[in-house]
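Commentary on secondary and tertiary structure
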Amino acid sequence: MAAAAALPSISSPTSSSSTTTAFIHSSKTGARAYGPSFSNVRSYGTLKGRLPNSHKAIPGGIKILCAATKPAKSPAEEEWKVKRELLLQKKVRSVEVKEALRLQKENNFVILDVRPEAEFKKGHAPGAINVQIYRLIKEWTAWDIARRAAFAFFGIFAGTEENPEFIQTVDSKLGKDAKIIVACSAGGTMKPSQNLPQGQQSRSLIAAYLLVLNGYKNVFHLEGGLYTWFKEGLPAEAEEE
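All figures in this text were calculated on a predicted structure; none of them were measured in a lab.

Although it is not a glycine, K91 sits at a positive phi angle of roughly 60°. For K91, the location among the structural elements is in the loop between α1 (80–89) and β8 (93–95). Its relative accessible area of 67% is what places K91 among the exposed residues. Phi at N108 takes a positive value of approximately 60°, unusual for a residue other than glycine.

Nonpolar side chains in soluble globular proteins tend to be buried together. Formed by 28 residues in total, the largest nonpolar core has its most connected members in L87, F166 and L211. Looking at this core, the elements with two or more residues in it are α1, α5 (166–173), β13 (180–183) and α6 (203–213). Take this core: its biggest share by element is eight residues, from α6. When near neighbours in sequence (up to four residues on either side) are disregarded, L87 contacts W80, V92, M190, L205, A208, Y209 and V212. Formed by 17 residues, the second largest nonpolar core is a distinct cluster that contains V97, A183, L226 and L234.

For the pair α1 and α6, the least separation of the axes is 10 Å and the interaxial angle reads 60°. When the axis of α1 is compared with that of α6, the two are oblique. Once α1 is placed against α6, the crossing between them reads as left-handed. Residues W80, V82, K83, L86 and L87 of α1 lie in contact with α6, whose contacting residues are L205, I206, A208, Y209, V212 and L213. Class assignment of the residues belonging to the contact of α1 with α6 gives a composition of ten nonpolar, no polar and one charged.

Along strand β9 (residues 110–113), one buried face is formed by V110 and L112 and the opposite face, lined by I111 and D113, is buried too. Examined bridge by bridge, β9 and strand β10 (residues 129–130) share two bridges and lie parallel to one another. Within β10, the residue paired with L112 across the bridge is I129. One crossover worth recording links β9 to the parallel β10 by way of helix α3 (residues 117–122), and it is right-handed.

It is worth spelling out the pattern of salt bridges at this point. In the structure shown here, the tally under the stated rule is six salt bridges. K121 is the salt-bridge partner of E117, the closest N and O atoms lying 3.4 Å from each other. With E117 and K121 both in helix α3, this residue pair falls four residues apart, about one helical turn. Exposure remark for E117: the relative accessible area of 42% places this residue in the partly exposed category.

Moving on to the environment of Q200. Its location among the elements puts Q200 in the loop between β13 and α6. In this structure the C-alpha to C-alpha distance between Q200 and T189, which are eleven residues apart in sequence, comes to 5.1 Å. The residues contacting Q200, other than those within four sequence positions of it, are W80, G188, T189 and L205.

The buried fraction of α6 is high, at ten of eleven residues. Regarding α6, the residues found buried are R203, S204, L205, I206, A207, A208, Y209, L210, L211 and V212. Of the residues flanking the end of α6, it is G215, one or two places downstream, whose phi is positive at about 95°.

Analysis parameters
Residue positions are counted from 1 within each chain, in the order its sequence is given. The predicted nature of this model means local features are confined to residues of pLDDT at least 70 and side-chain atom pairs, given and counted, to a pLDDT of 80 or more, with totals for whole chains, interfaces and linings taken over all residues. By convention in this description, side-chain values take in all heavy atoms of the structure and omit both hydrogens and water. Secondary structure counts use DSSP, requiring at least four H or I residues in a row for a helix and at least two E residues in a row for a strand, with both numbered from the N terminus. Exposed residues in this analysis have more than 50% of their type's maximum accessible area, buried residues have under 20%, and partly exposed residues fall in between, with area computed by a 1.4 Å probe over protein chains only. Only buried Ala, Val, Leu, Ile, Met, Phe, Trp, Tyr and Cys residues count toward a nonpolar core, and they belong to the same one when joined by side-chain atoms within 4.5 Å. We call two residues in contact whenever any of their non-hydrogen atoms come within 4.5 Å of each other. With axes taken as lines fitted to C-alpha atoms, and helix axes fitted only over the stretch in contact, angles between N-to-C directions fall between 0 and 180 degrees. For classification purposes, an angle smaller than 35 degrees is called roughly parallel, one larger than 145 roughly antiparallel, one from 65 to 115 roughly perpendicular, and anything else oblique. Two helices crossing with the near one rotated counterclockwise from the far one by less than a right angle form a left-handed crossing, whereas a clockwise rotation gives a right-handed crossing. By the convention adopted, Pro, Cys, Tyr, Trp, Phe, Met, Ile, Leu, Val and Ala count as nonpolar, Lys, Arg, Asp and Glu as charged, and the other residues, Gly among them, as polar. Two strands pair under a simple rule: DSSP has to find at least two bridges between them. By convention a crossover is right-handed if, when the strands point away from the viewer, the path from the first strand over the helix to the second runs clockwise. By salt bridge we mean one thing: a side-chain nitrogen of Lys or Arg within 4 Å of a carboxyl oxygen of Asp or Glu.

Dropping the structure here:
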C-alpha cells in the first residue's frame with residue numbers, strides 16, 4: 001500500500017488566495033512530481049518551476065505534490081537563447097585563461113568570481129573579487145519551503161537561489177566603468193558546436209548577461225572557467241578559514 005507524509009498547508013504572502021500543500025507519496029507504480037514548483041536541478045544549484053499543469057518523472061518511486069505559487073520570472077531565468085543573443089549583440093568577448101591573466105596584469109581588468117563564497121575561499125585568481133550570483137535560500141515563503149523540500153528529496157540540503165543583491169553589490173565594489181572578466185567554475189560557452197548549437201549556459205554567462213542588461217559595457221567572459229585556470233597552473237591563492 002502506498003504511504004504518504006503530508007506537510008501542512010501554508011498561505012503564500014505573494015497571493016491572498018494561493019496556498020501550498022506539499023507531500024511526498026511512495027508508490028510501486030512509479031513516481032512523478034506535479035505542479036509548478038518542481039523542475040530540473042540545474043548544474044549551478046538552482047531549482048526552477050517550469051511545469052504548470054503537468055508533471056515530470058523523478059526516480060526512486062516517490063511522488064511530490066505541491067501547489068506553491070512561483071514568483072514572476074527574473075532576468076536571470078530568461079531563456080538561454082535570449083541571453084546569448086544579447087551577449088553577442090553587446091559584443092561580450094570570451095577569453096581563454098592566459099589571455100584573461102594578461103588582461104588583468106596589463107590592462108587593469110578585474111576578475112569577477114561569481115561562485116559561492118565557500119568555493120572562492122578555497123581557491124581563486126589573485127586579486128579577484130567575489131560576488132556570488134546564487135546564494136543559499138534565505139526566505140521562508142511557501143515557494144521557498146517547497147523548493148527546500150524538493151532539494152532535500154534529491155539529497156541537497158543547501159539549495160540555492162538567485163542572489164537579488166548581485167548587481168547592487170557589483171555596483172558598490174566596481175561600478176559600471178570597470179573592465180570585468182566574469183568567471184565561474186565551468187565557464188560555459190557561447191560558441192556553437194554540433195552537440196550544443198547554442199553553446200552552453202553557465203553561472204558566469206548568466207552574470208555577464210545581468211551586467212550588460214544593467215549598463216555595464218566592458219564585460220568579458222572566462223572561457224573554460226576557473227577549472228581550466230587551476231588546471232593550467234596559473235596563479236591562485238586561498239583564504240585561511
